[in-house]
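# Breakdown of the fold
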Amino acid sequence: MGILDGKRAVIVGASGGIGMACAEAFLAEGARVAGTYRRKSAALEELARRQERLALLPLDVGSVSQVTDCMKEAVRLLSGIDILVNAAGIHRPALLHAADPEEWGEAVAVNLMGAFHVTQSVILPMMRAGGGSIVEISSVYGERGGIGQSSYSAAKAGVLGLTRSAAVELASKKIRVNAIAPGFIDTAMTEGLSEKFRQQALAHIPMKRFGSPGEIAELAVFLAGPKSSYITGQVFVIDGGLSAV
Ligand code: NAD
């Protein structure tokens, strides 16, 4: 028996480090999962081969029509939806004076507008299901600034505003909405960091390591499941103590 037995979950960005860990954790807890990918990864394909409760769907969250069609298909495949995890995101660091407006806009389009599109698209099907839980993946940069982080910080801060307002608006429909704000997590997103930057980041993290995608997935399971039934509109920082300093 898993705590998500019988639950139907859509995980957006399931080909990424955090999204894939969420897919694995949700499957292990008994959920049926529709995972979206921008570029299929061999690991995700292998997971889908082993797990008949996992379906894969292509999706670019920057396209409203793709979001609409993909979510309809996901809901059809799962015969409804109880959980959404939005783990799609990109990072386009640039010093503000030199930032390319197009790249800045791309970060907002994927991280914030994408979150809006996918969140909006699941509201009616979740209402039809009698309620649900939405978990947005924001970032500690949604609550703090950083050199070169203006587009990412602005977009991830926007996700926190979206989360809180959606939670207030949807509480009467029994839909809970919460955000996870990870610090530095070992995924493709942090893989390209220079050794110098990594060492500087580690110096500021009290636990002296980056987090693992699985540690984020455990929190997502908690927020998606019945043990968090009275929690909505909240932001959960998971950063090894970084923001406590
Ligand atoms: P990742 O690069 O491994 O995964 C990013 C995912 O987003 C991939 O599945 C990718 O396909 C998807 N994606 C990118 N552009 C997309 C688009 N236009 N449409 C649909 N999907 C798209 O990185 P990750 O660390 O797993 O990131 C997952 C989430 O966690 C992101 O929102 C990221 O901003 C956030 N986050 C990551 C860290 C970290 O240190 N890794 C820290 C804080 C927050």
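Residues numbered from 1 in each chain as written. Predicted model: local features only at pLDDT ≥ 70, side-chain atom pairs only at ≥ 80, totals over all residues. Heavy atoms only, no water.

### Overview of the layout of surface pockets
Heads up, the condition is: In this analysis, the protein atoms alone were mapped onto a 1 Å grid. Cavities are point sets where a 1.4 Å probe fits without being able to get out; pockets are open sets with protein on both sides within 12 Å along at least five of seven lines; lining residues have an atom within 4 Å of a point. Grid points are joined across faces, edges and corners, and a volume is the space filled by probe spheres set on the points. For helices the rule is a DSSP run of H or I covering at least 4 residues; for strands it is a run of E covering at least 2, with both sets numbered from the N terminus onward. Throughout this entry, Asp, Glu, Lys and Arg are counted as charged residues, while Ala, Val, Leu, Ile, Met, Phe, Trp, Tyr, Cys and Pro are counted as nonpolar. The remaining residues, Gly among them, count as polar.
The space that makes up the largest pocket amounts to roughly 1,200 Å³. Lining the largest pocket are 44 residues, and of these A88, G89, I90, H91 and M189 lie nearest its centre. Looking at the lining of the largest pocket, the elements that each hand over two or more residues are α1 (17–28), β2 (32–37), α4 (101–128), α5 (150–170) and α6 (188–191). Of the residues assigned to the lining of the largest pocket, the class counts are 21 nonpolar, 17 polar and six charged.

### Some thoughts on unusual backbone geometry
Trans is the prevailing form of peptide bonds, just as negative phi is the prevailing case for residues other than glycine. Condition: Classification of residues uses two cut-offs on accessible area relative to the type maximum, computed with a 1.4 Å probe and protein chains only: under 20% is buried, over 50% is exposed, and between them is partly exposed.
Phi is positive for S79, close to 60°, though the residue is something other than glycine. By the secondary structure assignment, S79 is in the loop between α3 (64–78) and β4 (83–86). We note that K174 has phi near 65°; this positive angle belongs to a residue other than glycine. Mapped onto the fold, K174 is located in the loop between α5 and β6 (175–182). You can call K174 exposed: its relative accessible area is 61%.

### A short note on the site of the ligand
Here is the rule we go by: In these notes, residues near a molecule or strand are those with any non-hydrogen atom within 4 Å of it. Between N or O atoms, a polar contact is any pair within 3.5 Å; within protein, one atom must be a potential hydrogen donor and the other a potential acceptor, and residues adjacent in sequence are included only when both atoms are from side chains. Per-residue and other accessible areas follow the Shrake-Rupley method at a 1.4 Å probe size, with only the shown protein chains counted as cover for residues. In this scheme, a molecule is assigned to a cavity or pocket if more than half of its atoms are within 2 Å of the grid points.
Surveying the vicinity of the ligand reveals 27 residues, the closest of which are I18, V61, Y152, K156 and T187. In this structure, R38 approaches the ligand through a side-chain N or O atom, which is 3.4 Å from a nitrogen atom. Within the side chain of K156, an N or O atom sits 2.8 Å from an oxygen atom of the ligand. The protein chains hide 91% of the 810 Å² of surface that the ligand would expose on its own. Assessed atom by atom at 2 Å from the grid points, the ligand resides in the largest pocket. The set of elements that each furnish at least two residues to the shell around the ligand consists of α1, α5 and α6.

### A closer look at the sheet that holds β2
Backbone hydrogen bonds hold the strands of a sheet together, and the pairing may be parallel or antiparallel. What counts here: In this analysis, strands are considered paired if DSSP registers two or more bridges between them. Angles run from 0 to 180 degrees between N-to-C directions of axes, and those axes are lines fitted to C-alpha atoms, restricted for helices to the stretch in contact. Pairs of residues are marked as contacts when any of their non-hydrogen atoms sit within 4.5 Å.
Overall, parallel pairing links the seven strands, which are arranged β3-β2-β1-β4-β5-β6-β7 in an open sheet. Each of the sheet's edge strands pairs with one partner strand only, and the pair in question is β3 (54–58) and β7 (235–238). Across the sheet, the axes of successive neighbouring strands diverge by a mean angle of 15°, strand direction being ignored. For β4 and strand β5 (residues 132–137), the ladder comprises four bridges, and the chain directions are parallel. Directly across from V85, in β5, lies its bridge partner V135. Across the face of the sheet, α5 comes into contact with β5, β6 and β7 while running at roughly 160° to β6.

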